[in-house]
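Residue-level listing of the chains:
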Amino acid sequence: MEGECTCKVFTYRSEDIPLCKGETDVKLDNLLCSEWNEAMAMGGVFRYSFKRDSVTWRVLPGTHGLVAQKNPKRFSHRRIPAEAQGLVQPFDPSAFNFNKVNPEEVLFMIQRVNGNHSNLEDKVKGHMMVVNVSPIDYGHVLLVPNPRECLPQVMTEESLLLCLELMALSKHRDLCMVANSLLAYASVNHLHYHFLYLDYPLLARRVKGTPMMMMMKADSTSSSCSCHELAGLPVAGFGLQADPATLHAVSRDLGKIVSLLLEKGIPHNVVMVKGPPFSYHQQPSPPPGEDQETVIRVIVVPRKAAYGLKKVHESRQSPLFFAAACELVGFIPIMGECLALALQRLI
């Protein structure tokens, strides 16, 4: 990163991960929200001011119950994205990457602790949490795993496990993770994941799924991967679900799916939210006074390649919206002025 980082460090132990309970999760949310609020109040860090109480949104008519949010500055003020030519491209140190962000954009570093000692003594070797300078919603940050390794935007089993662990460490049920591959609206070829708090009735939290078994082949061997075929999304997708005891297993399965998509040359979007199990409609209701079981829902959406992202931004002709990870699972930040006017009576 440009300049010296004097940011805070968040440490955790993987064996102590809860899910929506305990003290460790409070520390993560408190740190993320306090540092994000401080950066917003500082001025000059974000490209525009964002206040949740000033955002207008509405659940749109229709069977999917999509949530539309008016956010035209997300398009007009965001950094012009790089143009991807392929699903996998080598990291380009001359292009914009997250090692070039200003120090005030770095909120804190993240380290996983083994036993009583950190396995990452130097905080610049940890994972980096930076603000998204053009936020979609409250608390919008970017997790950059091992930024000094200069990894391209290719999701890995190890980094997906980190995302699952952070989701489990958060006590907020509205925390979401969204990620886009190249050719699926990723704007920077430097491995990163979006985290933000979406306090809306998202389709991703209520979509149902039917258990299915996928067979993965790798290096002349095969293994099973337990998935759910999702019903109710506007697009086809797969669902996996995790609890604190299955984070490693789910990250392995998720890594297999991503590897298969990469092998087949298929762009993809990945979303993590908290909600009931995908087959909750087939399970008995919890006893009175008890909450329904909560899991981390992981949704993977294979898709066609999207080209021309940089050209659209350079033309400054605002599109209606981009069909990236958020949009495909039911949350649509409206950027196009024409569509915003058409929906004025609804939003």
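Residues numbered from 1 in each chain as written. Predicted model: local features only at pLDDT ≥ 70, side-chain atom pairs only at ≥ 80, totals over all residues. Heavy atoms only, no water.

Scanning the protein chain from terminus to terminus reveals seven helices and 15 strands. Classification of the 347 residues of the protein chain by burial places 54% in the buried group. Looking at the protein chain alone, contacts between residues at least 24 apart form 72% of all its contacts between residues at least 6 apart. Counting only carbon and sulfur atoms, one obtains 52% of the accessible surface of the protein chain, whose full area is about 15900 Å². (Helix = DSSP H or I, 4+ residues; strand = E, 2+ residues; numbered from the N terminus. Buried < 20%, exposed > 50% of the residue type's maximum accessible area, 1.4 Å probe, protein only. Contact = heavy atoms within 4.5 Å. Areas by Shrake-Rupley, 256 points an atom, 1.4 Å probe, with all protein chains shown as cover.)

Counting across every chain of the model gives seven aromatic pairs. Between W36 and F46, the aromatic rings sit 5.1 Å apart at their centres with planes inclined by 65 degrees, giving edge-to-face as the arrangement. Highlighted residues: W36 in helix α1 (residues 24-42) and F46 in the loop between α1 and β2 (57-59), separated in sequence by ten residues. Take F46: its relative accessible area is 10%, and that puts it in the buried class. For the pair Y138 and Y197, a centre-to-centre distance of 6.1 Å together with 40 degrees between the ring planes defines the contact as tilted. (Phe/Tyr/Trp six-rings, centres within 6.5 Å; stacked < 30°, edge-to-face > 60°.)

Here we come to the pairing of strand β4 (residues 106-114). Most of β4 is tucked away: eight of the nine residues are buried. In terms of strand pairing, strand β1 (residues 8-12) meets β4 through five bridges, oriented parallel. The residue bridging T11 from the neighbouring strand is Q111, located in β4. Bridging between β4 and strand β6 (residues 127-131) involves four bridges; their strand directions are antiparallel. (Pairing = 2+ DSSP bridges.)

This paragraph deals with the confidence of the model for the protein chain. Looking at the protein chain as a whole, the pLDDT averages 83, with 76% of positions reaching at least 70. Within the model, the stretch residues 118-124 combines pLDDT values under 50 with 17 contacts to residues more than four positions away or in other chains. (pLDDT = per-residue confidence, 0-100.)

The next thing to look at is the packing of helix α3 (residues 157-169) against helix α4 (residues 247-264). Between α3 and α4, whose axes approach to 9 Å, the crossing angle comes to 135 degrees. Here α4 runs oblique to α3, going by the angle between their axes. Relative to α4, the crossing made by α3 is right-handed. Contacts between α3 and α4 involve E157, L160, L161, L164, E165 and A168 from the former and L247, H248, V250, S251, R252, L254, G255 and V258 from the latter. When grouped by side-chain class, the residues that make up the contact of α3 with α4 number eight nonpolar, three polar and three charged. (Axes fitted to C-alpha atoms, helices over the stretch in contact; angles between N-to-C directions. Parallel < 35°, antiparallel > 145°, perpendicular 65-115°, else oblique. Left-handed = near helix turned anticlockwise from the far one by under 90°. Nonpolar A, V, L, I, M, F, W, Y, C, P; charged D, E, K, R; others polar.)

What follows deals with the pattern of salt bridges. Tallied over the full model, the rule gives three salt bridges. One salt bridge connects R112 with E165, and the closest N-O pair in it is separated by 2.7 Å. You can see R112 sitting in strand β4 and its partner E165 sitting in helix α3, a full 53 residues away along the chain. Taking relative accessible area as the criterion, R112 reaches 19% and is therefore assigned buried. Since its relative accessible area comes to 1%, E165 is described here as buried. (Salt bridge = Lys/Arg side-chain N within 4 Å of Asp/Glu carboxyl O.)

All right, on to α3 then. Within an α-helix, residues lying three or four positions from one another point in the same direction, as the helix has 3.6 residues per turn. Spanning 13 residues, α3 covers 18 Å between terminal C-alpha atoms, matching the ideal 18 Å at 1.5 Å per step. The element α3 is extensively covered by neighbouring structure, given that eleven of its 13 residues are classed as buried. By the burial criterion, the buried members of α3 are S159, L160, L161, L162, C163, L164, E165, L166, M167, A168 and L169. (Expected span 1.5 Å × (residues − 1).)

The next point concerns the environment of S49. Position of S49 relative to the elements: it lies in the loop between α1 and β2. Here S49 falls in the exposed class, since its relative accessible area comes to 54%.

Located in the positive-phi region is C150, a residue other than glycine, with phi close to 55 degrees. Position of C150 among the secondary structure elements: in the loop between β7 (141-144) and α3.

So, on to the sheet that holds β2. Taken together, three strands build an open sheet; the order of strands is β2-β3-β15 and the sheet is mixed. Lying at the two open borders of the sheet, with one neighbouring strand each, are β2 and β15 (331-334). The mean inter-strand angle of the sheet, taken between neighbouring strand axes irrespective of direction, is 20 degrees. The pairing of β2 with strand β3 (residues 67-70) spans three bridges and is classified as antiparallel. Counted as the bridge partner of W57 is Q69 from β3.

Quick look at the environment of W36 now. W36 sits in the buried class, given a relative accessible area of 1%. Residues W36 and H140, 104 residues apart in the sequence, show an inter-C-alpha distance of 8.2 Å. Not counting chain neighbours up to four residues away, the residues in contact with W36 comprise F46, F50, L107, V131, P135, D137, Y138, G139, H140 and V141.

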